[in-house]
Amino acid sequence: MLNSGLPNPPWTEGVPRGEDVAYAAGLLDGEGTVGIYRSKRPTYFIYAVRTSVANTYRPVLEWLASKWGGSIHRTNRGEGRPCWSWALSSRSAVDFLREVLPYLRIKDRQARLALAFEAHRSAHHHMRRSEVDIRVYDSLKARISSLNKRGVDVLAERGVALI
């Protein structure tokens, strides 16, 4: 419902609003990952931006899927409660990152690198990938991977106090 207390108009169903985007950014910051994935084909590699959010509460992931699309699958965490993962890739992931970027606090650097990758890839999509392109893609992939490592306190590195 909108703030007026009246039901949302039917044409807004499934359309993310400002607070939806901010909440999704918080989920990505706290429970998600941003990456560039490389898939080997017989004679070449495919590169794509991918975002995912993992959670044991599947309805929150279903909510994300209802707003931004993507897929949900069960992940294997060993014993304990089942865990689910919502994922977007390629254009859908890029569109999602553009939308949530202003609200990201922890994953903003990964998102910016992923968007830089996509800008470079889009500018060269009609050409055969050169060795330079592949080095750029692999470098951006490595930079994002290093930021995604557990124990990297992004906020402390920036001098941001949470309390």
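The following refers to the structure shown. (Residues numbered from 1 in each chain as written. Predicted model: local features only at pLDDT ≥ 70, side-chain atom pairs only at ≥ 80, totals over all residues. Heavy atoms only, no water.)

## Concerning the nonpolar core
Generally speaking, a soluble globular protein has its nonpolar side chains buried in company with each other. Membership of the largest hydrophobic core comes to 33 residues, with the highest contact counts inside it found for Leu28, Leu64, Trp68, Trp86, Phe96, Leu97 and Val100. For this core, the secondary-structure elements that each account for two or more residues are α1 (18-31), β1 (32-40), β2 (45-55), α2 (58-68), β4 (83-89), α3 (91-100), α4 (108-123) and α5 (131-148). (Core = buried A, V, L, I, M, F, W, Y, C linked by side-chain atoms within 4.5 Å. Buried < 20%, exposed > 50% of the residue type's maximum accessible area, 1.4 Å probe, protein only. Helix = DSSP H or I, 4+ residues; strand = E, 2+ residues; numbered from the N terminus.)

## Comments concerning the pattern of salt bridges
One pass over the full model with this rule turns up eight salt bridges. Among the ionic pairs, aspartate 20 bridges to lysine 67, the shortest N-O distance being 3.7 Å. Within this pair, whereas aspartate 20 is found in helix α1, its partner lysine 67 is found in helix α2, the two being separated by 47 residues in sequence. A relative accessible area of 8% places aspartate 20 in the buried class. Classification of lysine 67 as buried rests on a relative accessible area of 17%. Within the structure, one salt-bridge network assembled from shared partners comprises Arg91, Asp95, Arg98, Glu118 and Arg121. (Salt bridge = Lys/Arg side-chain N within 4 Å of Asp/Glu carboxyl O.)

## Quick word on the environment of isoleucine 72
Inspection of the secondary structure assignment puts isoleucine 72 in strand β3 (residues 71-75). Along the sequence, isoleucine 72 and valine 53 sit 19 residues apart, while their C-alpha atoms lie 9.4 Å from each other. Those residues in contact with isoleucine 72 that sit more than four places away from it in its chain are Arg58, Leu61, Glu62, Ala65, Trp84, Ser85 and Trp86. (Contact = heavy atoms within 4.5 Å.)

## A look at α5
Here α5 is 18 residues long and its end C-alpha atoms lie 26 Å apart, about the 26 Å a rise of 1.5 Å per residue gives. Of all the positions in α5, only Asp133, Tyr137, Leu140, Ile144 and Leu147 are classed as buried. Projected down its long axis, α5 carries its buried residues within an arc of 90°, all on one side. Exposed and facing more than 90 degrees away from the buried side of α5 are Glu131 and Arg135. In this fold, the buried residues of α5 make contact with β1, β2 and α4. (Expected span 1.5 Å × (residues − 1). Arc of directions from axis to C-beta.)

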